[in-house]
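The lines below spell out each chain.
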There are 2 protein chains.
Amino acid sequence: MRDVLPDEMRELRAIMARLREAFERAGYGEVRTPSMEYEDVLRRGDASVAGAGYRLFDEHGEVLVLRSDMTIPVARLVASRYPDAEPPLRFSYFALAYRAVEARSGRPREFLQAGIELIGVPTPEGEAEVVGLMLAGLEDAGLKRHRVGIGDGSLYRTLLDELAVGEADRAALLESLTRRDLVGLDVRIDRLGVRGPAADLLLELPRLRGGPEVLDRLERGPAAAAGERLKGCYELLVERGVGDRVIFDLGLVRELGYYTGAVFELYDPAVGFALGGGGRYDDLLGRFGRSLPACGIALDIQRAHVAQAGEERLQ
Amino acid sequence: MRDVLPDEMRELRAIMARLREAFERAGYGEVRTPSMEYEDVLRRGDASVAGAGYRLFDEHGEVLVLRSDMTIPVARLVASRYPDAEPPLRFSYFALAYRAVEARSGRPREFLQAGIELIGVPTPEGEAEVVGLMLAGLEDAGLKRHRVGIGDGSLYRTLLDELAVGEADRAALLESLTRRDLVGLDVRIDRLGVRGPAADLLLELPRLRGGPEVLDRLERGPAAAAGERLKGCYELLVERGVGDRVIFDLGLVRELGYYTGAVFELYDPAVGFALGGGGRYDDLLGRFGRSLPACGIALDIQRAHVAQAGEERLQ
């Protein structure tokens, strides 16, 4: 993060105030957690975070890491501070997250996030609530052309299980999928010698992007259950009046390892990167001692500001 | 810092909103700087910060430190982003600061600060403006019994210069003063064999605490100039209607090395620690390339919250 001067700060504050009002109205209480978590806490949440962030040492020589997102800290907080509270629980945050960056990547070391987490709703109502609320909050904040991409992180796992693909091949396939490298994906699947509807669907997934009609491709196949859930989520988003902002993107793979179902990414045509994202993480809270399904979504405030400024130039 | 849950967060937000309104009304534009600064930037501001904070390494192996206050980052920002702007310049911030803590000290690693910096006002009007604004902001935020202690960090230096005390003895004396160790101070001054009005005043300083009448002791002595400035500041605070909140405390020594004149500490009877503090730092900006006098004051929001909650219990 660079220095922010008063004119920009006033605009960032206005965006945060609109989002906070929207979250508060919907019953999401704001929480704050320390910037640093013990590395073993973060590792419990997602093994891949180990070594990815800024590491420090506490007074006893234990490793602290500057948090790279708020989902794991909120999961820890829910398990430790709300061990018996009746779900659903709703939390929001406005917080800095940190990422160790590569030299000259131009990527910021820290970014200001706004996000919500919904704990204890196992059905597509959960996804629809957090996605619908974030889309409405962005509209309150002055964005007009923002969209959400929705995929399902469990799709690949289901298909790879179906095809009995081993660990090593799995990582390589997922890597091709993440990079949307269709040729590489083709080659790898071919090399595995797998055939049938699951293999066909796996190959096709990165191309399945568009309106709810892309979900038809999942019907009666190995990913029918995931398709049903996504369709349910879509119908609820239509009811919330934001159906036209949804783009299904079955090739969407989010980096973080804790997602177990639907995954989301927020876009705006004024910004070249995703504004934010999230998903369903039904296994995460259990790792901290309170097993509850959950989903959430986070936004990069400075990117949202660029998008909002872009909208204003259009007027 | 520990986790903050929604009820407390709502109260912290309300305090911050009142302070932000007060700062904004007075023309203090909010700025934000990165959580991490290069160690050589911090060291330029105050040599003693080296090694005191949390250290990290950037992609090139350079040392980054989590900032321990916002005054040095704002000084850097003013020099780099406002090289030609006509003073006075007024900035505010709401930001986390970090401090490496000793084992089991119970002190938090990070704390949420609100503060203001006034750049380019060399006269006591500067001190009176920042102190008066912070006192008014705290009143807006619901505090009633808060006070400000005002001393002068240059008093000791003036007296020690007058007495021609060498570097090593100086550090030991200052250490006794900081701990308000009157017996130790007595012994050290005696051992130095210094005599006269400057030695008498040095011995007396830690006991000079109270209303504006304590400033009379500085008249016509080696610290007359500092006394005049403090009296000027007091008169301006009386005009601002906050004279009854001022406690002169000529024994006040603030930890940070960059203060060159008046120093402040904020108190409330509901809290056992200072709520915050500040002072005049006329040499700091010059180290970053824009030589301007300046003063500022910062507040620990969570301590202010404890004080405010204490007021409410009294009602």
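Residue indices follow the written sequence of each chain, beginning from 1 at its first position. Starting at A for chains and at 1 for ligands, labels are handed out in the order in which the entities are written. In keeping with the model being predicted, local features are shown solely for residues with a pLDDT of at least 70 and side-chain atom pairs are shown and tallied solely at 80 or more, while totals for entire chains, interfaces and linings include all residues. The side-chain figures draw on all heavy atoms in the structure; neither hydrogens nor water molecules are used.

## Observations regarding the overall build of chain A
- Runs of E in the DSSP output that reach at least two residues are strands. Runs of H or I that reach at least four are helices, and both are numbered from the N terminus. Check the secondary structure of chain A and you find 10 helices and 12 strands.
- Within these notes, the globule rule equals 2.2 Å times the number of residues to the 0.38 power, and the radius of gyration is based on C-alpha atoms. In summary, chain A has a C-alpha radius of gyration of 20 Å against a globular reference of 20 Å for 315 residues, a match within 12%.
- Referenced to the eigenvectors of the C-alpha coordinate spread, the extents of chain A come out at roughly 60 × 55 × 45 Å.
- Across the 315 residues in chain A, those meeting the buried criterion constitute 57%. Type-normalised accessible area, obtained with a 1.4 Å probe on protein chains alone, sets the label of each residue: buried when under 20%, exposed when over 50%, and partly exposed for intermediate values.

## Brief notes about the packing of aromatic side chains
- Whether two aromatic rings pair depends on their centres lying within 6.5 Å, for rings of Phe, Tyr and Trp, where Trp uses its six-membered ring; planes under 30 degrees apart make the pair stacked, over 60 edge-to-face, and the rest tilted. One pass over the full model with this rule turns up 10 aromatic pairs over all chains.
- Here Tyr-82 of chain B and Phe-91 of chain B contribute two aromatic rings whose centre-to-centre distance is 5.1 Å and whose plane-to-plane angle is 50°, an arrangement assigned as tilted.
- By the ring-pair criterion, three or more aromatic residues cluster together here, those being Tyr-258, Tyr-259 and Tyr-281 of chain A.
- Lying over the aromatic face of Phe-94 of chain A, Arg-20 of chain A brings its terminal NZ or CZ to 4.3 Å of the ring centre. Two conditions define a charge located above a ring, namely a distance within 6 Å from the ring centre to NZ of Lys or CZ of Arg, and an angle within 35 degrees of the ring normal.

## A closer look at the relation of the copies chain B and chain A
- When the copies are overlaid, the least-squares fit takes in C-alpha atoms only where the residue has pLDDT of at least 70 in both copies. Placing chain B over chain A gives an RMSD of 0.0 Å and needs a rotation angle of 180°, together with 0.0 Å of translation along the axis. Look at the turn and shift together and you get a two-fold axis relating the two. Considering only C-alpha atoms, the part of chain B nearest the rotation axis is Leu-56 of chain B, at 3.4 Å.
- A symmetric contact is evident, with 100% of the interface residues of chain B recurring at the interface of chain A. Should any heavy atoms of two residues lie within 4.5 Å, those residues are considered in contact.

## Some words on the environment of Arg-20 of chain A
- Its place among the elements puts Arg-20 of chain A in helix α1 (residues 6-25).
- Along the sequence, Arg-20 of chain A and Gly-115 of chain A sit 95 residues apart, while their C-alpha atoms lie 9.6 Å from each other.
- Setting aside chain neighbours within four positions, we find Arg-20 of chain A in contact with Glu-30 and Phe-94 of chain A together with Arg-13 of chain B.
- Counted as a polar contact is a pair of N or O atoms within 3.5 Å, where, for protein atoms, one must be capable of donating a hydrogen and the other of accepting one, and residues adjacent in sequence contribute only when both atoms are in side chains. Within the structure, the side chain of Arg-20 of chain A is placed 3.1 Å from the side chain of Glu-30 of chain A, a separation counted as a polar contact.

## A few points about the interface of chain B and chain A
- Across the contact, 44 residues belong to chain B and 44 residues belong to chain A.
- In what follows, salt bridge is the name for a side-chain nitrogen of Lys or Arg lying within 4 Å of a carboxyl oxygen of Asp or Glu. If you look at where chain B meets chain A, you find six salt bridges.
- Residue Arg-13 of chain A is joined to Glu-30 of chain B by a salt bridge in which the shortest nitrogen-to-oxygen separation is 2.5 Å.
- Inspection of the region where chain B meets chain A yields 15 residue pairs in polar contact (both at pLDDT 80 or more).
- Broken down by element, the residue count for the side of chain B that touches chain A peaks at six residues, all from helix α1 (residues 6-25) of chain B.
- Residues were grouped as follows: Ala, Val, Leu, Ile, Met, Phe, Trp, Tyr, Cys and Pro as nonpolar; Asp, Glu, Lys and Arg as charged; and all remaining residues, including Gly, as polar. The residue inventory of the side of chain B that touches chain A, partitioned by class, reads 23 nonpolar, four polar and 17 charged.

## Remarks on the sheet that holds strand β3 (residues 55-57) of chain B
All names here are of chain B.
- Paired strands are those between which DSSP finds at least two bridges. Across the sheet, three strands lie side by side as β2-β4-β3; this open sheet has antiparallel pairing. With partners counted over all chains shown, the strands left at the sheet margins are β2 (36-38) and β3, one partner each. Across the sheet, the mean angle from the axis of one strand to that of its neighbour is 40°, orientation sign disregarded.
- In this structure, β3 lies alongside strand β4 (residues 63-66), joined through three bridges in antiparallel fashion. The residue of β4 that forms the bridge with Phe-57 is Val-63. Interaxial angles span 0 to 180 degrees and are taken between N-to-C directions of axes, which are lines fitted to C-alpha atoms, for helices over the stretch in contact.

## A word on empty space enclosed by the protein
- Using a 1 Å grid laid over the protein atoms alone, points where a 1.4 Å probe fits but cannot get out form a cavity; open sets with protein on both sides within 12 Å along at least 5 of 7 lines form a pocket; any residue with an atom within 4 Å of a point counts as lining. Grid points are joined across faces, edges and corners, and a volume is the space filled by probe spheres set on the points. In this structure the tally under the stated criterion is three cavities of 30 Å³ or more.
- As a volume, the largest cavity reaches approximately 260 Å³.
- Taken together, 21 residues form the lining of the largest cavity, with Arg-32 and Phe-94 of chain A together with Arg-32, Phe-94 and Leu-112 of chain B sitting closest to its centre.
- Among the elements of the structure, α1 and β5 (89-98) of chain A together with α1, β5 (89-98) and β6 (110-119) of chain B are those that each provide at least two residues to the lining of the largest cavity.
- Among the residues forming the lining of the largest cavity, the class breakdown is 10 nonpolar, two polar and nine charged.

## With respect to helix α9 (residues 224-239) of chain B
Residue and element names in this part refer to chain B.
- Taking 1.5 Å of rise per residue, the 16 residues of α9 would be expected to cover 22 Å, and the 23 Å separating its terminal C-alpha atoms lies within 8% of that figure.
- For α9, the complete set of buried residues consists of Ala-226, Gly-227, Leu-230, Cys-233, Tyr-234, Leu-236 and Leu-237.
- On its buried side, α9 packs onto α4 (124-140), β7 (147-152), α5 (154-162), β9 (246-249) and β10 (262-267).
- Taken from the residues just after α9, Gly-241 is the one with a positive phi, measuring 80°. What a helix is expected to span follows from its residue count: subtract one and scale by 1.5 Å.

## Side note on the pairing of β5 of chain B
Residue and element names in this part refer to chain B.
- Taken across its 10 residues, β5 has nine buried, putting it largely inside the fold.
- As paired strands, strand β1 (residues 29-30) and β5 are joined by two bridges and run parallel to one another. Residue pairing in the sheet places Glu-30 in a bridge with Ser-92 of β5.
- Taken together, the 10 bridges between β5 and β6 define a ladder with antiparallel strand orientation. Paired with Phe-94 across the bridge in β6 is Ala-114.

## Things to note about helix α3 (residues 71-81) of chain B
Residue and element names in this part refer to chain B.
- Summarising burial for α3: nine of the 11 residues are buried, a large majority.
- Among the residues of α3, those classed as buried are Thr-71, Ile-72, Pro-73, Val-74, Ala-75, Arg-76, Leu-77, Val-78 and Ala-79.
- Buried residues belonging to α3 abut β2, α2 (39-45), β5, β6 and α10 (284-287).

## Description of the confidence of the model for chain A
Residue and element names in this part refer to chain A.
- Per-residue confidence for chain A averages 90 on the pLDDT scale, and 95% of its residues sit at or above 70.
- A residue's pLDDT is simply how confident the predictor is in it, with values from 0 to 100. Taken element by element, chain A is modelled with least confidence in strand β3 (residues 55-57), mean pLDDT 77, and with most confidence in strand β1 (residues 29-30), mean pLDDT 98.
- For this predicted complex, the interface score ipTM comes out at 0.91, while the overall pTM is 0.92.

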